[in-house]
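The chain contents come next:
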Amino acid sequence: MSEPSTKKAAEKRKSSVGVSARDYGLLSALVVIVALFQFWFTDGKLLLPANFNNLISQNAYVVILAIGMVMVIIAGHIDLSVGSLVAMIGAVSAIAISEWGQPVWVSILVSLLVGAVVGAWQGFWVAFVRVPAFIVTLAGMLIYRGLAIVFLTGGTIGGLPQGYVAIGAGWIPDWLGTVNELDVLTLLIGAFGAVGYAVSQLRARTKLRARGLPRESMPLFVGKIVLISGAMLFFAYLLAQHNGTPYVLILLGVLVLAYSFILNRTVFGRHIYAMGGNRFAAMMSGVKTKWVDFFIFVNIGVLAAIAAVVTTSRAGAAQSGAGNFYELDAIAAVFIGGAAVQGGVGRVSGAVIGALVMGVLNQGLSIMGIDSAWQQVIKGLVLLAAVAFDVVNRRRSGAA
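Now for a description of the structure that goes with this document.

Rules behind the numbers
Residues numbered from 1 in each chain as written. Predicted model: local features only at pLDDT ≥ 70, side-chain atom pairs only at ≥ 80, totals over all residues. Heavy atoms only, no water. Core = buried A, V, L, I, M, F, W, Y, C linked by side-chain atoms within 4.5 Å. Buried < 20%, exposed > 50% of the residue type's maximum accessible area, 1.4 Å probe, protein only. Helix = DSSP H or I, 4+ residues; strand = E, 2+ residues; numbered from the N terminus. Contact = heavy atoms within 4.5 Å. Polar contact = N/O pair within 3.5 Å; in protein donor to acceptor, adjacent residues only side chain to side chain. Patch = residues over 30% accessible without salt bridge, like charges linked within 9 Å, V, L, I, M, F, W, Y side chains within 5 Å. Areas by Shrake-Rupley, 256 points an atom, 1.4 Å probe, with all protein chains shown as cover. Salt bridge = Lys/Arg side-chain N within 4 Å of Asp/Glu carboxyl O. Lys, Arg positive; Asp, Glu negative; His and termini not counted. Charge placed at Lys NZ, Arg CZ, Asp CG, Glu CD. Phe/Tyr/Trp six-rings, centres within 6.5 Å; stacked < 30°, edge-to-face > 60°.

## What about the nonpolar core?
A general feature of soluble globular proteins is that nonpolar side chains tend to end up buried together.
Working step 1: With 87 residues, the main nonpolar core has Ile64, Leu65, Met69, Ile272 and Val334 as its most contacted residues.
Working step 2: Of the residues forming this core, the biggest block, 14 residues, is contributed by helix α3 (residues 60-74).
Working step 3: Ignoring sequence-local partners within four residues, the contact set of Val334 consists of Ala66, Met69, Val70, Ile73, Ala339 and Ala351.

Structure representation (structure tokens):
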């Protein structure tokens, strides 16, 4: 083999290993954390069917907010207001039902509209007035928390209808019956998800090979499919033992697929990456950076509204203290998921894995009976370790 060919092959292998190291590092970290809590810290309680169901429903907000936050961070911004926004929109949603007498679906539409308007408000200041997002959303964090207290007069609105509560605390009925006390529909959903994941990965690998692009080795590729597909089937088995598939899990699946497509396959998604990588170059290339910034904040406002509906419905009441530290959970999930502090790097799948890490920490530490103050300490250390790993790794590779 000639020297240039050898050099090219070596660079290709290096790139391939780099891609695999990031992907498999995240998955390995998640597996290790789950194993530690399951076999060591909680004596096998973490993955009991009821606890696994709670893991999903209690931490759905982290996944929803992390999906929006990863787009904000890729573009080089930050959003500190989503926690307070969840509390304010949850209050509006409850007021629409209990005081305005509106049906559930109107309450949800009002919530989404308020989220979009608030996102547009913040996007206006960031995109067109050039106020740093840190300042705009810090102000928003104070404003929306204050408005939530005003709307709820410092208290709580409860007594929400069952149709609303089911969004965050309900399950799909067992339409196909049960076999050995296992919900058949949930098992089929798990099998469909596992097969769909394997097929999508095979198609993606085929496209990479056709284009001559770097890809992981075959043993790692097969191992990844077996691990993730097996995890899907196992988790479906756990849910089938409990009450079946939570509605919120279907919502999360739709959001993950939709936003993975938007970020990876659309012009809007490519513009976000371009802005985060080099904003000036993106402007010179014709990217309308102001409008992209504007719609990024509209988008996370809408996602915060969805998180508000899920959180309020699960609690069965709107509370002025809801959403405390939600923004920190979402930001931590994004950075644990591999997003770069400087922007330009990040993925929805990484943010979801980061959200799962935060969810396992929340659930595992709660099962252990760890005081909430110490839970914050532990999660803060995990976030610091994740960001430090990213910074050191980039410095070694010459990117920083």
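## Things to note about the environment of Asp79
Working step 1: Mapped onto the fold, Asp79 is located in the loop between α3 and α4 (82-98).
Working step 2: Relative accessible area serves as the criterion here: at 1%, Asp79 is assigned to the buried category.
Working step 3: Spatially, the C-alpha atoms of Asp79 and Leu328 are 9.6 Å apart, while their sequence positions differ by 249 residues.
Working step 4: Setting aside chain neighbours within four positions, we find Asp79 in contact with Met69, Val72, Gln122, Thr137, Phe297, Ile300, Glu327 and Ile331.
Working step 5: A distance of 2.7 Å separates the side chain of Asp79 from the side chain of Ser81, its partner in a polar contact.

## With respect to a positive patch on the surface
Working step 1: Taken together, the side chains of Arg203, Lys207, Arg211 and Arg265 define a basic patch exposed on the protein surface.
Working step 2: No other element matches helix α8 (residues 184-211), which puts three residues into the positive patch.
Working step 3: Secondary-structure assignment places Lys207 in helix α8.

## Regarding unusual backbone geometry
Working step 1: We note that Asp43 has phi near 55°; this positive angle belongs to a residue other than glycine.
Working step 2: With respect to the secondary-structure elements, Asp43 resides in the loop between α1 (3-41) and α2 (49-58).
Working step 3: Look at Phe325: it is not a glycine, yet its phi comes out positive at around 70°.
Working step 4: Looking at the secondary structure, you find Phe325 in the loop between β4 (318-319) and α14 (326-336).

## Topic: the packing of aromatic side chains
Here a ring pair, both rings aromatic, is described through the centre-centre distance and the interplanar angle of the planes.
Working step 1: Under the criterion given, the structure shown has 13 aromatic pairs.
Working step 2: A centroid spacing of 3.7 Å and a plane angle of 15° characterise the contact between Tyr61 and Tyr326, whose relative ring orientation is stacked. Here Tyr61 is found in helix α3, whereas its partner Tyr326 is found in helix α14, with 265 residues between them in sequence. There is no split in this pair, since Tyr61 and Tyr326 are both buried.
Working step 3: Taken together, the ring pairs connect Trp121, Phe124, Trp125, Phe128, Trp291, Phe294 and Phe295 into an aromatic cluster.

## Points about the pattern of salt bridges
Working step 1: For the structure on display, the rule yields two salt bridges.
Working step 2: One salt bridge in this structure joins Arg279 and Asp293, with 2.9 Å as the shortest N-O distance. Highlighted residues: Arg279 in helix α12 (residues 279-284) and Asp293 in helix α13 (residues 289-315), separated in sequence by 14 residues.
Working step 3: As a salt-bridge pair, Asp329 and Lys379 come within 3.4 Å of each other at their nearest N and O atoms. With Asp329 in helix α14 and Lys379 in helix α16 (residues 372-397), this pair connects stretches of sequence that are 50 residues apart.
Working step 4: Classification of Asp329 as buried rests on a relative accessible area of 6%.

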